[in-house]
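# Fold and contact review
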Amino acid sequence: MARTIQQLTIFVSGPADTESEKAALRTVVDEISRRLEKTHNVTIRVIGWPDSVRPGVGADPQSELNRQFGSDFDIYVGILGSRFGAATPRHGSGTQEEFELALARFHEDTTSVRVLFYFNRGPGDLYTVDLEQLQRVRAFRDRLSGRGVVYRDFRDTAEFTQLVREHLDALVIDEWQGERWANLAAPGVAEAVALDGVATESPPCSQDAPTTIERALADAEGLGEEELGILEYVDRFNEASTAIAEVLADIATRIQRVGEETTSQSLSVDQIVQQLDKEGKVGGSRAQQDLLRQARDAVDGAAGSLEEFVSRMSPNIDKYRVYSRALFENMQRAFVAGKEFETRDDRDDRVGLVELISTIESSREQMLQLQNTIARVPALTGKFKRARKRAAAVLGELVAEMSLSLRAAQDLLSEMGGPVSIEPVLST
């Protein structure tokens, strides 16, 4: 009986500085398409600029591209590096417009399309980076989490290749149901965007009512209203303070969990290595092979824990960066505005700052301890080496952000007069 082979289409979207990743994606698709054809009766092809575009005329070039590609794809893959791209009449860039159209399709019908987005966070040539373009990329990226979008970062084309291979393979196997994608919408539940097997609620967005992270981002970038009163600044400070407390709590939970998992796996590896040493002295190649396999499984288990930790922490770093800067910006403005009122007591503000400094210092110490824990696990496999390197980069980035927060908090506390002194109660 003849098999029915279905073809899935990937639309890849990104500016000119993502060409190497686009080429890697095409190579990966050729590879996994051959395998999925045999195992799941599915083949995959890639379309996108410029390979799949024919000459044509529209109201503007991007509108003609939209017309040609339309909704004729099953998976959207967006990629951004240091460039955001040229603006269209409707959006900040062609990549953003293509993303918005794909996301709108998903929200209308979760069975119609899947949306994946990746950001190149690798080191680039600082002398050639367009800072205005890079800032637009960061602003776009910072807004995604508030819209329910889970994205992934990568450091180079090789890491992107590995990620997108794993994600596409798992996506088709887990969620393609023969003719449509699995339905992710449920009655009474917000629609979700699914990437890498993770579904995140997407709160309703309104241009008239910006989300917490959008408002915090505007404050952090100095883009908020210029003329606000002290009550508005205090309200925004409290909003950012609540948000950052939630982020820090989530970070603490994840650090504790991965620390416990890594410590347990490290102890297992140590025990296996000790057994290997004994077996090596008395012979027994089969026993040695079994122990080596156990050691490899334990180390790769630790690598898996670190990989999940990195994927969950990247959005938290962005949220922490935005909320912390918004918090200090609004607290500074509230302090300046409060000078107009001679009777205003800022004792609570200073007490709150001292508590925040203590919380950040505790979180930073927790991360430094995790770095030491990870360093103690023997790098017996390449998978663990790569995972440890990525985890170290994430932890290093977060430690740096927290160090900036501590400096800002300490400077502001000093400007406000220092910590509140508690007067002793004298008995008579």
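Refer to the structure presented above.
A few points on the structure. (Residues numbered from 1 in each chain as written. Predicted model: local features only at pLDDT ≥ 70, side-chain atom pairs only at ≥ 80, totals over all residues. Heavy atoms only, no water.)

### Some remarks on the overall build of the protein
Of regular secondary structure, the protein possesses 10 helices and seven strands. Put simply, the protein has 428 residues, and 45% of those count as buried. Surface exposure of the protein reaches about 22,300 Å², of which carbon and sulfur atoms provide 50%. (Helix = DSSP H or I, 4+ residues; strand = E, 2+ residues; numbered from the N terminus. Buried < 20%, exposed > 50% of the residue type's maximum accessible area, 1.4 Å probe, protein only. Areas by Shrake-Rupley, 256 points an atom, 1.4 Å probe, with all protein chains shown as cover.)

### Remarks on the side chain of Glu100
With respect to the element layout, Glu100 can be found in helix H3 (residues 94-108). Apart from residues no more than four positions distant in its own chain, Glu100 is found in contact with His91 and Arg147. (Contact = heavy atoms within 4.5 Å.)

### As for the packing of aromatic side chains
Scanning the model with the defined rule gives 15 aromatic pairs in all. Taken together, the ring pairs in this structure connect Phe11, Phe69, Phe73, Tyr76, Phe84, Phe99, Phe117, Phe119, Phe140 and Tyr151 into an aromatic cluster. (Phe/Tyr/Trp six-rings, centres within 6.5 Å; stacked < 30°, edge-to-face > 60°.)

### What to know about the packing of helix H9 (residues 347-376) against helix H10 (residues 382-415)
Running from N to C, H9 and H10 cross one another at 160°; their axes reach a closest spacing of 9 Å. One way to sum up the angle between H9 and H10 is to call them roughly antiparallel. Helix-helix and strand crossings are classified by hand; for H9 and H10 the assignment is left-handed. Grouping the amino acids of the contact of H9 with H10 by side-chain chemistry returns 20 nonpolar, six polar and four charged. (Axes fitted to C-alpha atoms, helices over the stretch in contact; angles between N-to-C directions. Parallel < 35°, antiparallel > 145°, perpendicular 65-115°, else oblique. Left-handed = near helix turned anticlockwise from the far one by under 90°. Nonpolar A, V, L, I, M, F, W, Y, C, P; charged D, E, K, R; others polar.)

### Observations regarding unusual backbone geometry
Of the consecutive residues Trp49 and Pro50, the connecting peptide bond is found in the cis state with omega at -5°. Topologically, Pro50 is positioned in the loop between strand E2 (42-47) and helix H2 (61-69). For Asn41, which is not glycine, the phi torsion reads 55° and is therefore positive.

### As for the packing of H2 against H3
Between H2 and H3, whose axes approach to 11 Å, the crossing angle comes to 35°. For H2 against H3, the interelement crossing comes out right-handed. Contacts from Gln62, Leu65 and Asn66 in H2 reach Gly94, Glu97, Glu98 and Leu101 in H3. Its residues assigned to classes, the contact of H2 with H3 shows two nonpolar, three polar and two charged.

### Observations concerning the pattern of salt bridges
If you walk through the whole model with that rule in mind, you get 14 salt bridges. Across the pair Arg35 and Asp169 runs a salt bridge whose closest N-O atoms are separated by 3.2 Å. With Arg35 in helix H1 (residues 19-40) and Asp169 in helix H5 (residues 157-175), this residue pair connects regions lying 134 residues apart in the sequence. Accessibility expressed as a relative area gives 17% for Asp169, which makes it buried. Between Arg180 and Asp109 there is a salt bridge, with the nearest N and O atoms lying 2.5 Å from each other. Linking Arg180 in the loop between H5 and strand E6 (192-195) with Asp109 in the loop between H3 and strand E4 (114-120), this pair joins segments that are 71 residues apart in sequence. Via salt bridges that share partners, Asp60, Arg90 and Glu97 belong to a single interconnected network. (Salt bridge = Lys/Arg side-chain N within 4 Å of Asp/Glu carboxyl O.)

### Comments concerning the sheet that holds E4
With parallel pairing, the five strands of this open sheet are ordered in space as E2-E1-E3-E4-E5. Pairing within the sheet leaves two strands with one partner each, and these edge strands are E2 and strand E5 (152-154). The average angle at which neighbouring strand axes cross in this sheet is 25°, direction not considered. With three bridges joining them, E4 and E5 adopt parallel strand pairing. Along E5, the bridge assignment pairs Tyr118 with Arg152. Relative to the sheet, H5 contacts strand E1 (6-13), E2, strand E3 (75-80), E4 and E5, its axis offset from that of E4 by approximately 170°. (Pairing = 2+ DSSP bridges.)

### Observations concerning helix H4 (residues 131-144)
When the terminal C-alpha atoms of H4 are compared, their 20 Å separation across 14 residues agrees well with the 20 Å that a helix rising 1.5 Å per residue should span. Turning to H4, its buried residues number three or more, namely Gln133, Val137, Ala139, Phe140, Arg141, Asp142 and Leu144. Regarding H4, its N-cap is Asp130, as a side-chain oxygen of that residue lies 3.1 Å from the backbone nitrogen of Glu132 further along. (Expected span 1.5 Å × (residues − 1). Polar contact = N/O pair within 3.5 Å; in protein donor to acceptor, adjacent residues only side chain to side chain.)

### Quick notes on the side chain of Gln68
Within the secondary structure, Gln68 sits in helix H2. Engagement of the side chain of Gln68 in a polar contact is seen with the backbone oxygen of Arg54, the distance being 2.8 Å. With sequence-adjacent residues up to four places away left out, Gln68 is seen in contact with Ser52, Val53, Arg54, Pro55 and Gly56.

### Brief notes about H10
When the terminal C-alpha atoms of H10 are compared, their 50 Å separation across 34 residues agrees well with the 50 Å that a helix rising 1.5 Å per residue should span. At the exit of H10 stands Gly417, carrying a positive phi of roughly 115°.

### Let's talk about the nonpolar core
Nonpolar side chains in soluble globular proteins generally cluster together in the buried interior. In this structure, Tyr320, Leu353 and Leu398 are the most contacted members of the largest nonpolar core, which totals 46 residues. Of all the elements in the fold, those that place two or more residues in this core are helix H7 (230-282), helix H8 (285-338), H9 and H10. A per-element tally of this core places H8 first, with 16 residues. Apart from residues no more than four positions distant in its own chain, Leu398 is found in contact with Ile251, Met313, Ile317, Tyr320 and Met367. (Core = buried A, V, L, I, M, F, W, Y, C linked by side-chain atoms within 4.5 Å.)

### Section: the pairing of E3
The buried fraction of E3 is high, at six of six residues. Along E3, one buried face is formed by Ile75, Val77 and Ile79 and the opposite face, lined by Tyr76, Gly78 and Leu80, is buried too. Relative to E3, E1 runs parallel, the two sharing four bridges. Paired with Val12 across the bridge in E3 is Val77. The pairing of E3 with E4 spans six bridges and is classified as parallel. What sits directly across from Ile75, in E4, is Arg114. Of the crossover connections in this fold, the one passing from E3 over H3 to the parallel E4 is right-handed. (Right-handed = clockwise from strand over helix to strand, strands pointing away.)

None of this, on its own, says anything about what the molecule does.
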